[in-house]
Amino acid sequence: MFRNQYDTDVTTWSPQGRLFQVEYAMEAVKQGSAAIGLRSKTHAVLASVNKAQSELSSHQKKIFKVDHHIGVAIAGLTADGRVLSRYMRSECINYSYTYESPLPVGRLVVQLADKAQVCTQRSWKRPYGVGLLVAGLDESGAHLYYNCPSGNYFEYQAFAIGSRSQAAKTYMERRFESFVSSTREDLLKDALFALRETLQGEKLKSSICTVAVVGVGEEFHILDNETVQGLIDAFEIVGEETPAPEEAAPAAAEPADPDQGAPADEGVAPMDI
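Residues numbered from 1 in each chain as written. Predicted model: local features only at pLDDT ≥ 70, side-chain atom pairs only at ≥ 80, totals over all residues. Heavy atoms only, no water.

The name given to the chain in an unreviewed UniProt entry is Proteasome subunit alpha type, with Actinidia chinensis var. chinensis as the source organism. What UniProt states about the chain under its Function (unreviewed entry) heading is, verbatim, "The proteasome is a multicatalytic proteinase complex which is characterized by its ability to cleave peptides with Arg, Phe, Tyr, Leu, and Glu adjacent to the leaving group at neutral or slightly basic pH." (UniProt positions renumbered as here; feature names shortened; annotations may be inferred.)

Next comes the structure, spelled out in structure tokens:
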């Protein structure tokens with residue numbers, strides 16, 4: 001990762017026009033625990049993986065409430081995420097005190113992006129090594145933004161960041177057109193399915209994930225473990241692979257002729273996959 005004299009501070013450009021310290025911060029986001037976000041016209045859902053680093057330690061909090069209508073999920077350096085979430089909380093309080101109305105989500109995201117971008121201009125600073133998925137609800141509907149350590153920000157219908165997030169992106173890319181008209185329950189279902197894709201075959205349990213939701217008539221809040229586990233059981237996420245062999249068994253047992261056994265097995269194999 002060492003790039004000689006071009007990565008000693010954040011304001012030194014390489015001959016290729018790259019800022020390596022900014023790229024290092026973006027790499028820290030890729031190495032963090034996975035976090036995903038989805039939105040419809042009326043609701044936005046955040047979900048994250050919060051596995052502990054050691055059996056003797058507790059997990060780091062990955063989803064923070066900013067205001068009654070805004071929340072944030074982070075991936076990367078958790079300490080930087082806490083600093084930025086406190087800044088966002090302070091901006092919401094100041095705006096509410098001054099204008100007696102909730103801060104629009106887009107305006108908060110712009111202020112956050114400006115704060116991150118300043119750290120790419122000062123040699124005595126370093127970029128924030130954290131990516132943030134900002135979900136909120138305002139007069140124009142539900143929103144989901146991604147804030148990058150470089151100071152860029154983008155609005156998404158659904159997005160995933162962190163380790164093994166590409167698997168979740170692939171799942172959401174196949175279904176994102178239906179998210180606009182999705183209900184609250186459908187969004188939660190898709191969020192849990194997408195989060196499971198990042199676990200590489202490991203069973204999804206409420207003890208290793210956090211889910212939060214905000215919507216019309218519903219303030220931003222983090223769902224408790226019992227509720228999340230109930231959703232997992234209701235959607236049969238944990239054991240949905242088990243019925244497939246049972247359904248395939250009668251099809252394999254139908255041929256009475258032993259000579260036909262091999263073709264029947266060949267036809268079943270793709271279904272199992």
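So, next bit.
(A) Expanded view of the pairing of strand β10 (residues 218-222). The pairing of strand β9 (residues 209-215) with β10 spans 3 bridges and is classified as antiparallel. Of the residues in β10, the one forming a bridge with V213 is H221. Taken together, β9 and the strand that follows it, β10, pair antiparallel across an intervening segment of 2 residues, in which G217 is found at a positive phi of about 75 degrees. (Pairing = 2+ DSSP bridges. Helix = DSSP H or I, 4+ residues; strand = E, 2+ residues; numbered from the N terminus.)

(B) Spatial organisation of the sheet that holds strand β3 (residues 63-67). What the 5 strands build is an open sheet, ordered β3-β4-β5-β6-β7; its pairing is antiparallel. Of all strands in the sheet, those bounded by a partner on one side alone are β3 and β7 (153-155). Going across the sheet, the axis of each strand differs from the next one's by a mean of 25 degrees, ignoring polarity. As defined by bridge partners, β3 adjoins strand β4 (residues 70-76) across 4 bridges and the pair is classed as antiparallel. Looking at the pairing, K65 lines up with G71 of β4. Where helix α1 (residues 20-31) meets the sheet, its contacts fall on β4, β5 (130-138) and β6 (141-147), and the angle it forms with β4 comes to roughly 100 degrees. (Axes fitted to C-alpha atoms, helices over the stretch in contact; angles between N-to-C directions. Contact = heavy atoms within 4.5 Å.)

(C) Expanded view of the nonpolar core. Among the nonpolar cores identified, the biggest contains 29 residues, and I36, L38, M172 and V211 are the most heavily contacted of them. Counting residues per element, the ones that place at least two in this core are β1 (35-39), β2 (43-49), β8 (158-161), α4 (165-175), α5 (184-197), β9 and α6 (225-234). Looking at which element gives the most residues to this core, the answer is α5, with 7 residues. Beyond its immediate chain neighbours, meaning those up to four positions away, V211 contacts V45, L46, A47, I63, L188, L192, H221, I222, L223 and V228. (Core = buried A, V, L, I, M, F, W, Y, C linked by side-chain atoms within 4.5 Å. Buried < 20%, exposed > 50% of the residue type's maximum accessible area, 1.4 Å probe, protein only.)

(D) Quick look at the environment of H143. By the element assignment, H143 lies in strand β6. Judged by its relative accessible area of 11%, H143 is buried. The contact partners of H143, leaving out residues within four places of it in the chain, are R39, A44, V105, V134, A135, G136, D138 and E155. Side chain to side chain, H143 and S140 meet in a polar contact 2.7 Å long. There is a polar contact of 3.4 Å between the side chain of H143 and the backbone oxygen of G141. (Polar contact = N/O pair within 3.5 Å; in protein donor to acceptor, adjacent residues only side chain to side chain.)

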